[in-house]
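Inside the fold
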Number of protein chains: 2
Amino acid sequence: MSAQNLTCPAPIQADPYPTRLHQQPEHPWHARRENTVKGRHLPGPLTEQQLNLFEENGFLFEPGFLPPEEVASLTEAMSELLNREDYRGKPFTITEPDSHEIRSVFAVHFLHRAFQHLARDPRLTQRVEQILGGGHYVHQSRINYKPGFKGKGFNWHSDFETWHAEDGMPAMHAVSASIILTDNHSFNGPLMLIPGSHKHFIPCVGPTPDEHHKQSLKTQQIGVPSEQALAAMINRHGIDAPTGPAGSLLLFDCNTLHGSNANMSPDPRSNVFFVFNRRDNACVQPYAARQRRPRFLGHEPDRLWQADDS
Amino acid sequence: MSAQNLTCPAPIQADPYPTRLHQQPEHPWHARRENTVKGRHLPGPLTEQQLNLFEENGFLFEPGFLPPEEVASLTEAMSELLNREDYRGKPFTITEPDSHEIRSVFAVHFLHRAFQHLARDPRLTQRVEQILGGGHYVHQSRINYKPGFKGKGFNWHSDFETWHAEDGMPAMHAVSASIILTDNHSFNGPLMLIPGSHKHFIPCVGPTPDEHHKQSLKTQQIGVPSEQALAAMINRHGIDAPTGPAGSLLLFDCNTLHGSNANMSPDPRSNVFFVFNRRDNACVQPYAARQRRPRFLGHEPDRLWQADDS
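Cut-off values and rules
- Residues numbered from 1 in each chain as written.
- Chains lettered and ligands numbered in written order.
- Predicted model: local features only at pLDDT ≥ 70, side-chain atom pairs only at ≥ 80, totals over all residues.
- Heavy atoms only, no water.
- Contact = heavy atoms within 4.5 Å.
- Buried area = accessible area lost by both parts, 1.4 Å probe.
- Salt bridge = Lys/Arg side-chain N within 4 Å of Asp/Glu carboxyl O.
- Polar contact = N/O pair within 3.5 Å; in protein donor to acceptor, adjacent residues only side chain to side chain.
- Helix = DSSP H or I, 4+ residues; strand = E, 2+ residues; numbered from the N terminus.
- Nonpolar A, V, L, I, M, F, W, Y, C, P; charged D, E, K, R; others polar.
- Pairing = 2+ DSSP bridges.
- Axes fitted to C-alpha atoms, helices over the stretch in contact; angles between N-to-C directions.
- Buried < 20%, exposed > 50% of the residue type's maximum accessible area, 1.4 Å probe, protein only.
- Least-squares fit on C-alpha atoms with pLDDT ≥ 70 in both.
- Parallel < 35°, antiparallel > 145°, perpendicular 65-115°, else oblique.
- Phe/Tyr/Trp six-rings, centres within 6.5 Å; stacked < 30°, edge-to-face > 60°.
- Lys NZ or Arg CZ within 6 Å of the ring centre and 35° of its normal.

What to know about the interface of chain B and chain A
At the junction of the two partners, chain B supplies 23 residues and chain A supplies 23 residues. For the pair chain B and chain A, the summed buried area comes to about 1700 Å², and 70% of that belongs to carbon and sulfur atoms. Interface area lost by chain B to chain A is led by Phe149(B), Phe187(B) and Met264(B), which between them contribute 38%. Here chain B is connected to chain A by 2 salt bridges. When the shortest N-O distance is used, the salt bridge between Lys150(A) and Glu227(B) registers 3.3 Å. Inspection of the chain B/chain A interface yields 6 residue pairs in polar contact (both at pLDDT 80 or more). Mapped onto the side of chain B that touches chain A, the elements with two or more residues apiece are strand 6 (154-157), helix 9 (227-237) and strand 11 (258-260) of chain B. The biggest single contributor to the side of chain B that touches chain A is helix 9 of chain B, with 5 residues. When grouped by side-chain class, the residues that make up the side of chain B that touches chain A number 13 nonpolar, 6 polar and 4 charged.

Now the structure itself:
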């Protein structure tokens with residue numbers, strides 16, 4: 001037993017991805033443990049080449065995934081949710097800082113049949129299982145609507161870092177699917193990703209405040225990599241910002257660093273977003289927070305959720 | 001005399017570009033009165049095609065205008081100014097909100113010989129006079145330095161609107177020259193412009209607060225067009241964001257709408273910026289503010305400025 005172990009005993013369950021540290025770690029990142037693509041043996045629409053791209057870059061963009069008529073009906077479903085008076089002020093809805101207009105709604109696959117169907121659509125779930133390599137459930141879902149000029153950007157981050165620290169997601173067996181419901185171009189704040197960043201875990205510094213999600217869903221300050229780590233990552237891998245027509249699908253690994261810039265255009269930006277987690281990777285106790293986040297941010301397999309639950 | 005004139009007497013000197021209004025005007029914009037290119041008869045390096053582009057778009061981008069060795073010496077001059085301890089806290093230097101590091105210095109053509117030379121460089125001044133059609137002086141100069149990840153964006157605006165309202169610039173006979181000292185790419189917040197917007201004057205709503213520049217140099221809220229006017233302008237003309245290597249020159253008309261997004265990359269962004277105004281267009285009393293802005297923001301022809309003047 002080393003001297004270090006004597007002064008700082010190891011936790012009972014060793015955490016493969018320690019984060020929210022008290023100080024900068026000696027190494028800015030360490031290698032990811034899990035494979036990225038685990039279901040090559042399963043049938044599905046993704047070709048070997050597409051799976052290779054996902055494995056290499058940590059994301060895959062498919063322009064025109066949904067036809068315009070399906071986009072139109074999802075947009076209508078989104079409007080219905082955004083206009084629900086009884087959802088205003090509920091924890092699972094996020095309003096703009098300077099108005100009472102709803103901009104995001106969580107748990108939409110429980111709130112509206114259109115999104116429930118979409119979450120179960122084989123075109124989506126077959127792709128998901130080709131990546132995850134096993135049965136899945138929806139860890140999180142939401143819709144975002146940002147009118148023109150209004151959308152602020154958000155800082156670079158890995159979703160897995162937060163889900164591990166604050167939701168208790170054990171390992172990197174989750175994938176996000178974002179379907180844009182508006183045309184995305186260079187100037188309405190498209191999602192930016194760092195290709196290849198998913199292969200590295202960057203521990204973040206700073207303890208998690210209680211009820212952190214109330215702040216982090218607006219502007220995230222805790223759980224973001226250091227500028228040194230980000231700079232090294234971008235200098236190595238660059239930045240990509242896929243753009244395309246409404247109905248395009250972006251699949252991205254839970255650990256791919258992403259961020260976005262403000263919407264400088266008059267065009268609104270909206271999307272529907274699902275996080276699919278592998279069933280054997282269901283969340284346990286949070287790894288770096290005193291309390292697990294509310295269920296509307298992190299669902300459990302086979303457990304229903306209702307608007308009154310929050 | 002109409003009833004309106006009886007209740008609201010016209011100012012003695014009619015203002016062709018009224019702005020900072022009490023309410024939204026009936027028409028979101030009106031046509032520009034001055035020609036954009038007025039020196040086609042003068043000798044200079046800009047071709048007829050380049051002058052046509054400037055006239056049509058309200059800007060002209062020339063990648064690689066300065067060779068790398070000249071960029072290096074300007075970068076060194078910039079560092080010298082940013083590191084001047086005695087400039088810290090002076091009105092003509094702007095520090096970041098959350099640190100004491102200098103990010104912008106004004107009046108640099110009076111503060112450093114390298115920028116004095118550049119402001120008089122025939123490669124620049126001949127271009128300027130081809131556009132302005134007459135003798136010029138430097139209305140404003142500055143350097144900007146933004147480290148990676150730190151640079152915030154700024155809202156869409158016309159410089160002329162502010163110079164007219166707050167500096168007393170009578171007409172649209174000024175052109176800005178921005179030389180980037182770092183490579184500009186899509187992700188480090190390059191300047192965005194609305195091509196063709198210079199042909200329209202958009203009056204802005206809201207009276208000018210006293211000492212407005214202290215706020216507006218950080219975040220501009222007054223003197224920005226309405227979202228309706230901006231949306232119509234962008235839907236008509238689109239957005240352009242020229243990118244290129246360090247040393248590239250952007251010439252843009254005083255009334256071209258421009259803005260920028262945040263710097264999402266680790267790469268710093270810096271530039272040196274001169275506003276050339278035609279000598280017969282020297283500033284008078286501000287058109288929509290109680291006091292003219294300090295001289296470091298708006299110089300006069302043939303009048304020297306020193307760091308102690310502010």
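Some points on the side chain of His112(B)
With respect to the helices and strands, His112(B) occurs in the loop between helix 4 (108-111) and helix 5 (113-120). Look past the residues within four positions of His112(B) in its chain and what remains in contact with it is Ala77(B), Glu80(B) and Leu81(B).

Structural notes on the sheet that holds strand 10 (residues 249-253) of chain A
All names here are of chain A. One open sheet holds the 7 strands; their spatial order is 2-10-7-12-5-4-3, and the pairing between them is antiparallel. One side of each edge strand has no neighbouring strand; the edge strands of this open sheet are strand 2 (59-62) and strand 3 (93-95). For this sheet, the mean angle separating the axes of adjacent strands, direction not counted, is 15°. Pairing analysis gives 3 bridges linking strand 4 (residues 102-106) to strand 5 (residues 136-146), with the strands arranged antiparallel. Opposite Phe106, over in strand 5, you have Arg142 as the bridge partner.

Things to note about the pairing of strand 7 (residues 174-180) of chain B
Residues and elements named next belong to chain B. Among the 7 residues of strand 7, 7 are classified as buried, and the element is accordingly described as predominantly covered. Both faces of strand 7 are covered, namely the face carrying Ala174, Ser176, Ser178 and Ile180 and the face carrying Val175, Ala177 and Ile179. Pairing analysis gives 5 bridges linking strand 7 to strand 10 (residues 249-253), with the strands arranged antiparallel. By the bridge assignment for strand 10, Ile179 is matched with Leu249.

Observations regarding the pattern of salt bridges
Enumeration over the complete set of coordinates arrives at 38 salt bridges over all chains. Salt-bridge contacts for Asp302(A) lead to Arg279(A); the nearest nitrogen and oxygen are separated by 2.4 Å. Taken together, the residues span a long stretch of sequence, with Asp302(A) in the segment after strand 12 (269-278) and Arg279(A) in the segment after strand 12 at a distance of 23 residues. Given a relative accessible area of 37%, Arg279(A) falls into the partly exposed group. Linking Arg127(B) and Glu62(B) is a salt bridge whose minimum nitrogen-to-oxygen distance equals 2.7 Å. Of this pair, Arg127(B) sits in helix 6 (residues 122-132) while Glu62(B) sits in strand 2 (residues 59-62), and the two are 65 residues apart along the sequence. No difference in accessibility class separates Arg127(B) from Glu62(B), as the two residues are buried.

So, the relation of the copies chain B and chain A
Note on the identical chains: chain B maps onto chain A by a rotation of 180° and an axial translation of 0.0 Å, with an RMSD of 0.0 Å. Those values place the two copies in the arrangement expected of a two-fold rotation axis. By C-alpha distance to the rotation axis, the residue of chain B lying nearest is Asn261(B), at 3.4 Å. When the interface residues of chain B are mapped onto chain A, 100% of them are again interface residues, pointing to one common binding face.

Observations regarding the packing of helix 3 (residues 68-82) of chain A against helix 5 (residues 113-120) of chain A
Residue and element names in this part refer to chain A. Here helix 3 crosses helix 5 at 130°, and the two axes come no closer than 9 Å. Relative to helix 5, the element helix 3 is oriented oblique. Taking contact as the criterion, the partners of Leu74, Ala77, Met78 and Leu81 in helix 3 are, on helix 5, Ala114, Phe115 and Leu118. Across the contact of helix 3 with helix 5, the residue classes tally to 7 nonpolar, no polar and no charged.

With respect to the packing of aromatic side chains
In total, this model carries 18 aromatic pairs over all chains according to the counting rule given. Relative to Phe276(B), the ring of Phe274(B) lies with its centre 5.9 Å away and its plane at 35°, an arrangement referred to as tilted. Looking at Phe274(B), the relative accessible area reads 0%, which means it is buried. Through successive ring pairs, a cluster of aromatic residues spans Tyr87(A), Phe92(A), Phe110(A) and Trp305(A). Directly above the aromatic system of Phe273(A) lies the positively charged group of Arg142(A), at a separation of 4.2 Å from the ring centroid.

Quick look at the environment of Trp163(A)
Residues and elements named next belong to chain A. Here Trp163 shows up in helix 7 (residues 159-167). Between the alpha carbons of Trp163 and Tyr287 there is a distance of 9.1 Å; along the sequence they are 124 residues apart. If we ignore the near neighbours within four places in the chain, the residues touching Trp163 are His139, Gln140, Gly168, Met169, Ala174, Ser176, Cys254, Val275 and Arg293.

Brief notes about helix 6 (residues 122-132) of chain A
Within helix 6 of chain A the residues assigned to the buried category are Leu124(A), Thr125(A), Arg127(A), Val128(A), Gln130(A), Ile131(A) and Leu132(A). Gly133(A) lies just past helix 6 of chain A and shows a positive phi near 80°.

Considering unusual backbone geometry
All names here are of chain A. With a phi close to 60°, Arg20 is a non-glycine residue in the positive phi region. Within the fold, Arg20 resides in the loop between helix 1 (3-7) and strand 1 (30-31). Even without glycine at this site, Asp302 takes up a positive phi of about 60°.

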